[in-house]
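Chain and residue survey
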Amino acid sequence: MKLQAGGQDEAVGVVALAEAIEAALRADLGIEPAAADAAAWQRATAIALRRKVMVPWLAAEAQALGKRRVAYLSMEFLVGRILGDCALNLGLYDTLGLALDRLGVPLAAVIGEEPDPALGNGGLGRLAACFLDSLSTLGVAATGYGLRYEYGLFRQGFAGGQQVESPDDWLKTPSPWLVERPSASYLVGFGGHVGFRNGAPYWEPGEQVSAEAHDLPVVGYGGKWVNPLRLWQARAPQPFDLPQFSRGDHLGASEAELNARKLCRVLYPDDETQAGKELRLKQEYFLCAAAVQDILARHYAAGGRLETLHKSFAIQMNDTHPAIVAPELVRVLTDGTGMGFDQAMRITTATLGYTNHTLMPEALEAWSTWTMGTVLPRHMQIIEQIDSWHEKQHPKRPVSTKIVAFDTVRMGNLAFISAHKVNGVSALHSDLVRSTVFADMEALHPGRILNETNGVTPRRWIALANPPLARLLTDELGEGWQTDLDRLSGLEARVEDAGFLDHLGQVKAQAKARMGALLAPQGVVLNPEALVDVQVKRIHEYKRQFLNLLEAIALWQDLREGRASGAVPRVKIFGGKAAPGYHMAKSIIRLIHDVADVVNRDPKTRDMLQIIYPANYNVSMAEVLIPAADLSEQISTAGTEASGTGNMKFGLNGALTIGTLDGANVEMREKVGPENFFLFGMTTPEARACLATPGHARSAIEASPRLQEVLQLIAENRFSPTDPGRHSGILDMIWNHDPYACASDFESYYAQQREVDSLYAKPLLWRKKAALNIARLGFFSSDRTIRGYMEDIWNVTPLI
Ligand code: 26Q
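Note that the structure is predicted; figures quoted are calculated from it, not measured. (Residues numbered from 1 in each chain as written. Predicted model: local features only at pLDDT ≥ 70, side-chain atom pairs only at ≥ 80, totals over all residues. Heavy atoms only, no water.)

1. Section: the overall build of the protein
Counting its secondary structure elements, the protein contains 33 helices and 22 strands. Relative to the 2.2 N^0.38 estimate, which gives 28 Å for 800 residues, the radius of gyration of the protein is 27 Å and therefore close to what a compact globule would have. Burial status across the protein gives 60% buried among its 800 residues. Counting contacts in the protein only where the partners sit at least 6 residues apart, residues at least 24 apart contribute 77% of the total. When the accessible surface of the protein is split by element, carbon and sulfur atoms take 53% of a total near 29200 Å². When the 79 basic and 91 acidic side-chain charges of the protein are each reduced to a single mean position, those positions are 2 Å apart. (Helix = DSSP H or I, 4+ residues; strand = E, 2+ residues; numbered from the N terminus. Rg over C-alpha atoms; globule rule 2.2 N^0.38 Å. Buried < 20%, exposed > 50% of the residue type's maximum accessible area, 1.4 Å probe, protein only. Contact = heavy atoms within 4.5 Å. Areas by Shrake-Rupley, 256 points an atom, 1.4 Å probe, with all protein chains shown as cover. Lys, Arg positive; Asp, Glu negative; His and termini not counted. Charge placed at Lys NZ, Arg CZ, Asp CG, Glu CD.)

If you want it as structure tokens, here you go:
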């Protein structure tokens, strides 16, 4: 059974690829096949595939010269492992498997050797990676700009049920996929002061760092187009002070280099909270300043002039993290060029777009004017100038729309004012952006805010992650669904066909077996009959892993008391990391482990309920867990999750969703039909009203004997018998604060979970609904999202 149609002469292709891999092993790595381990084969395979990427890459570069281009600026790109994805997109996945067979190495082992580059925290970073995949598949000239973090997001381990973090040394052996570009190297300044030259301000940085480009190729499906993900590495302009070294000051001689390297040492592991650190601002500026120089170099190479920058580039800011690009653009357009400020603002706003990913006040970036003025003195001046320029146009503007207020620079307002289009990431979120955070901006700039509902790439999230499903889709629909996901609607006609539904059941069973193999080393034995219930995402109070756990405890109690007549065997899987400084999130992780310990050891309930929390959830683990899920948990408090993208991946892999009317769940439910979605909980206005009511949690708990019983078990230390009071912080939270209304949504969630049980007891009906989910979710391809950005924001067209 094949994942892709073979080439014209497949056997020749297999032999040639095997020879190319063996040649790379010997000639590039200096290793004899007999001495090669899986890691060596992985590197040799990557080198052989990379050679094949270079051909379309160079062709795409040549074709894109002088054409309008997208620059996608993001502090995060969660690309996932590259080897398998690259082979798939080149149309060589099956050929590669056969070639490695010939060499006596299993493809899976080779794929598993590649470190998963964790250059992002979660949804925002993974979205950026899906977007790059779609841009290349559609044949749009684009560059992703990011940072080459030496250490990605920390690795998560568990000790005594608590999260422990360790560094993610993904570059320990250099990645064959990172192509150094010594010709793309720029100086980036920091600090210093602003002087005057010919009566005009001029920035004299106090420190300079060199930005050096490393490109990851992003291959489009079919191998017809390749774009670069350009990651900047910081180096000292002079790595070494030789005279100083010779004088015996060995450490001092490399101080500049150590200082520069600090910049890209590590990814900030906070999402949704604002770590107001100077180093973070420096990282953000480093990315933007290098990208702007690179963009200008391209623009000039194609014969462009400063005045026409907006004609050749669309620059997208992935949240406010790269918003400092706005004053940077104004600076390079005006300082020492003779261009006036107003013209510079016209070009800047015509070039920039801003995507908002959050409504949470604690996640909105703000820097003190002191920090901004110290790290980037010229930019601080320009920010004030942008603010006055805006005020001049809107003399009666409300305080909320100011960029600089109360000695802070609000990056959201800076991004909004500097962009011609601002977008939210789901219909509900965009409405809330319009009516809440940016309501006053919307009044001043009607029409600037639009919606571009998120999507995910079907290449990685179906074809690569779920080969049995991909084969079934190709059998049913023919090739082509990979780049035209609306074709999934062709499955509608098949949902009454018992043979098809049976096949879909086998696909799910195979995915569960793959998940079983992943979890087996931890001693987990899965019941293949059990409903697989999965919640994987960053651990955050608003995402309400705690609510899921409360329901698990309630179910356990029902099972023990013989009250769970309709229950089906269930395995609840949690996955995700907590920001290292986020105490409540870490407490929740610990409670999940404590509950799992007790529940999994209970002989009375063991066959009916298991709770599993594998460590270090990342893209590679998602590729295994998501296809195996029967039930997708998308249970955030309404009005808090901007979109979610995991929800889409699960649905496309045939999971049913239990979820609130939040983020893109709303649109998913509309597409699949309310009868094929387990809805529960308050709406956004209801949740807001509830949270504004003093004592809302207490009254909800008092009205729910079941929830009282669950909280009582925690309070009685049933899950922490050797450490009484361990979970008192969580209990205090739920009784007295409950900022995300777990208590008020509990009964409705519990009731809907019982509906899940009763449907799962009717396998044919369940499968039919799962099939309908797949058939009706084609809209959530990131290809559709990117087409939206192209038309509404970027004004670009494909080149293939
Ligand atoms: C900010 C300042 C300092 C340090 C870190 C940060 C920071 C880092 C990452 C702030 C936010 C993030 C990440 C946000 C994020 O992942 N948002 C998610 O974006 C997805 C794609 O649009 C949505 O689907 C999710 O709903 C949203 O939570």
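2. Considering the site of the ligand
Neighbouring the ligand are 21 residues, the closest being Leu124, His357, Asn454, Glu641 and Gly644. Of the residues that constitute the shell around the ligand, the class distribution is six nonpolar, eight polar and seven charged. (Near = heavy atom within 4 Å. Nonpolar A, V, L, I, M, F, W, Y, C, P; charged D, E, K, R; others polar.)

3. Quick notes on the pattern of salt bridges
The tally for this structure, following the rule as stated, stands at 44 salt bridges. A salt bridge links Glu307 to Arg305; its shortest N-O distance comes to 3.5 Å. According to the relative accessible area criterion, Glu307 is partly exposed, its value standing at 33%. Classification of Arg305 as partly exposed rests on a relative accessible area of 48%. Notably, a salt bridge pairs Asp387 with Arg397, separated by 2.9 Å at the nearest N-O pair. Placement of the pair is Asp387 in helix H15 (residues 377-393) and Arg397 in the loop between H15 and strand S13 (404-405), with a sequence separation of ten residues. For Asp387, a relative accessible area of 7% puts it in the buried group. (Salt bridge = Lys/Arg side-chain N within 4 Å of Asp/Glu carboxyl O.)

4. Some points on the environment of Gly659
Checked against the element boundaries, Gly659 lands in strand S21 (residues 656-659). On the basis of relative accessibility, which here comes to 0%, the residue Gly659 falls in the buried class. Once you skip the residues sitting within four places of it in the chain, Gly659 turns out to touch Gln634, Asn665, Phe677, Phe678, Leu679 and Phe680.

5. Concerning the packing of aromatic side chains
The geometry of an aromatic ring pair comes down to the distance between the two centres and the angle between the two planes. Tallied over the full model, the rule gives 20 aromatic pairs. Here the aromatic rings of Phe190 and Tyr285 are separated by 5.9 Å at their centres, their planes lie at 80°, and the arrangement is edge-to-face. Of this pair, Phe190 sits in strand S5 (residues 179-190) while Tyr285 is found in helix H10 (residues 278-301), placing the two residues 95 residues apart along the sequence. Here Phe190 falls in the buried class, since its relative accessible area comes to 2%. Arranged with centres 5.1 Å apart and planes meeting at 35°, the rings of Tyr789 and Trp794 form a pair that is tilted. Each member of the pair Tyr789 and Trp794 is classed as buried. (Phe/Tyr/Trp six-rings, centres within 6.5 Å; stacked < 30°, edge-to-face > 60°.)

6. Remarks on the sheet that holds strand S20 (residues 631-634)
Pairing within the open sheet is parallel, and its six strands lie in the order S19-S18-S17-S20-S21-S22. A strand with exactly one partner marks an edge of an open sheet, and here the two such strands are strand S19 (609-612) and strand S22 (678-679). Here strand S17 (residues 531-536) runs beside S20; their pairing, made up of two bridges, is parallel. Residue pairing for S20: Val534 is matched across the bridge by Ser632. Each of S17, strand S18 (570-575), S20, S21 and S22 is contacted by helix H31 (residues 742-760), which is oriented at about 125° to S18, the strand it contacts most. (Pairing = 2+ DSSP bridges. Axes fitted to C-alpha atoms, helices over the stretch in contact; angles between N-to-C directions.)

7. A closer look at the sheet that holds S13
In spatial order, the strands read S12-S14-S13; together these three strands make up an open sheet with antiparallel pairing. Whereas interior strands pair on both sides, the edge strands pair on one side only; in this sheet they are strand S12 (366-368) and S13. With three bridges connecting them, S12 and strand S14 (residues 408-410) associate as antiparallel partners. The residue bridging Ser368 from the neighbouring strand is Thr408, located in S14. Helix H16 (residues 411-418) rests against S12 and S14 of the sheet, and its axis sits at about 45° to S14.

8. Thoughts on the nonpolar core
The nonpolar side chains of soluble globular proteins are, as a tendency, buried together. In this structure, Trp232, Phe286, Met372 and Trp794 are the most contacted members of the largest nonpolar core, which totals 201 residues. Sequence-distant contacts of Met372, that is, excluding residues within four places in its chain, are made with Leu281, Ile324, Trp367, Pro377, Met380, Ile383, Val409 and Met411. (Core = buried A, V, L, I, M, F, W, Y, C linked by side-chain atoms within 4.5 Å.)

9. Some details on the environment of Gly412
By the secondary structure assignment, Gly412 is in helix H16. Judged by its relative accessible area of 10%, Gly412 is buried. Distance in space between the C-alpha atoms of Gly412 and Gly97 is 48 Å, their sequence separation being 315 residues. Here Gly412 is in contact with Thr320, Tyr354, Glu365 and Phe438, once residues within four sequence places are set aside.

10. A short note on unusual backbone geometry
Trans is the common state for peptide bonds, and a negative phi is the common state for residues other than glycine. Backbone geometry places Phe406, a non-glycine residue, at a positive phi of 50°. Within the secondary structure layout, Phe406 lies in the loop between S13 and S14. By relative accessible area, Phe406 is classed as exposed at 70%. The phi dihedral of Ala741 falls on the positive side, at around 60°, and the residue is not glycine. With respect to the helices and strands, the residue Ala741 is situated in the loop between helix H30 (728-736) and H31.

11. A short note on the side chain of Arg448
Structurally, Arg448 is set in the loop between helix H18 (439-444) and strand S16 (449-451). The side chain of Arg448 is buried and forms no salt bridge, while Glu442, the nearest opposite charge, is found at 8.3 Å. Within the structure, the side chain of Arg448 is placed 2.9 Å from the backbone oxygen of Phe416, a separation counted as a polar contact. Arg448 has contacts with Phe416, Ile417, Ala419, His420, Lys421 and Val422, leaving out every residue within four places of it along the chain. (Polar contact = N/O pair within 3.5 Å; in protein donor to acceptor, adjacent residues only side chain to side chain.)

12. Some words on helix H26 (residues 665-672)
Side chains three or four residues apart in an α-helix point the same way, a direct result of the helix having 3.6 residues per turn. Those residues of H26 that fall on the buried side of the exposure criterion are Asn665, Glu667, Met668 and Val672. What you see down the axis of H26 is that its buried residues fit within an arc of 165°, all on one side. (Arc of directions from axis to C-beta.)

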